[in-house]
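Here's the letter readout for the chains.
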Amino acid sequence: MSTRSHPTPTRPASPGRRTRARAALVAVVSAVLVVVVGCGTGDDAVVQGDTFQFVSPGGNTQITYDPPASRKKVADLSGEEVVSGKKIGLTDFTGKVVVVNVWGQWCAPCRAEAPDLEQVYEENKDAGVAFLGINFRDNRQDAKDYIANQDLAYPSIFDYPGRTLVRLTTPTSVVPTTVVLDRYHRAAAVFLRTVSAEELDPLVKRLAAEPYTAGSGPASSQVKVPS
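Residues numbered from 1 in each chain as written. Predicted model: local features only at pLDDT ≥ 70, side-chain atom pairs only at ≥ 80, totals over all residues. Heavy atoms only, no water.

Just checking my understanding: could you explain the packing of aromatic side chains for this structure?
Geometrically, a pair of aromatic rings is defined through the distance of the ring centres and the angle of the planes. Evaluated as defined, the whole model comprises five aromatic pairs. Measuring from centroid to centroid gives 4.7 Å for Trp-103 and Tyr-146, while their planes differ by 20°, and the two rings are stacked. With Trp-103 in strand S6 (residues 97–103) and Tyr-146 in helix H3 (residues 140–150), this residue pair connects regions lying 43 residues apart in the sequence. Each of the two residues, Trp-103 as well as Tyr-146, counts as buried. (Phe/Tyr/Trp six-rings, centres within 6.5 Å; stacked < 30°, edge-to-face > 60°. Helix = DSSP H or I, 4+ residues; strand = E, 2+ residues; numbered from the N terminus. Buried < 20%, exposed > 50% of the residue type's maximum accessible area, 1.4 Å probe, protein only.)

Here's what the structure looks like:
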């Protein structure tokens, strides 16, 4: 007489096991969102307390702040330079127009705009214009290789976790983002997309030509750019 085997019944997962699995899934999804949002389009920002965040009407990806009296200063940005490891920040460029560019070597739009950024830098660096990159979510060696391959001469802050970036905007901001500061380091223009030499060059030339008095300037209220 043959004996028929019966499958062992499967025990339902315990509530604790289901909770742990769900938490693990949420963690993975959250980590993926940080990268996915990186090369996407930012949401409208809001005004919170005395920190100004621009509300972009209709999801605009280019915002200008004019007249100059309407501009507000950004928070001080500083950190280790990608290649040298030395501390660098906005205070190293007092009295200069500063083009702040948020980038990652993993971001295709960043690679597309890099030659234009370098071109504008080279053409204006002797006219009171500085460039400062913020390298986000990169392996440091990969970032160094990118800088060498793109032949970028201006410095960048190494900011894998977004500690420096959070002083400018949220770490899940659009990448690339370019913020152009006037000589008082007030936000004069924001590009939530790739930027071309044709639109950036006349802008920095105009800002460099604006009146500036060393040691004086507007109130120190700060601006956070759109996320």
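Just checking my understanding: could you explain the sheet that holds strand S2 (residues 62–64) for this structure?
Hydrogen bonds along the backbone pair up the strands of a sheet, which may run parallel or antiparallel. Strand order across the open sheet formed by six strands is S2-S10-S9-S6-S7-S8, with mixed pairing between neighbours. The strands lining the two open edges of the sheet, one partner per strand, are S2 and strand S8 (156–159). The sheet shows a mean angle of 15° between the axes of neighbouring strands, direction not considered. (Pairing = 2+ DSSP bridges. Axes fitted to C-alpha atoms, helices over the stretch in contact; angles between N-to-C directions.)

Before we go on, may I ask you to explain helix H4 (residues 197–208) in this structure?
Since the α-helix advances by 3.6 residues per turn, residues separated by three or four positions end up pointing in the same direction. For H4, built from 12 residues, the straight-helix expectation of 16 Å at 1.5 Å per residue is met to within 8% by its first-to-last C-alpha distance of 16 Å. What H4 keeps buried is the set Ala-197, Leu-200, Asp-201, Leu-203, Val-204, Leu-207 and Ala-208. Here the buried face of H4 lies against S6, helix H2 (108–124), strand S7 (129–136), strand S9 (177–181) and strand S10 (187–191). (Expected span 1.5 Å × (residues − 1). Contact = heavy atoms within 4.5 Å.)

All quantities given are derived from atomic positions and should not be read as evidence of function.
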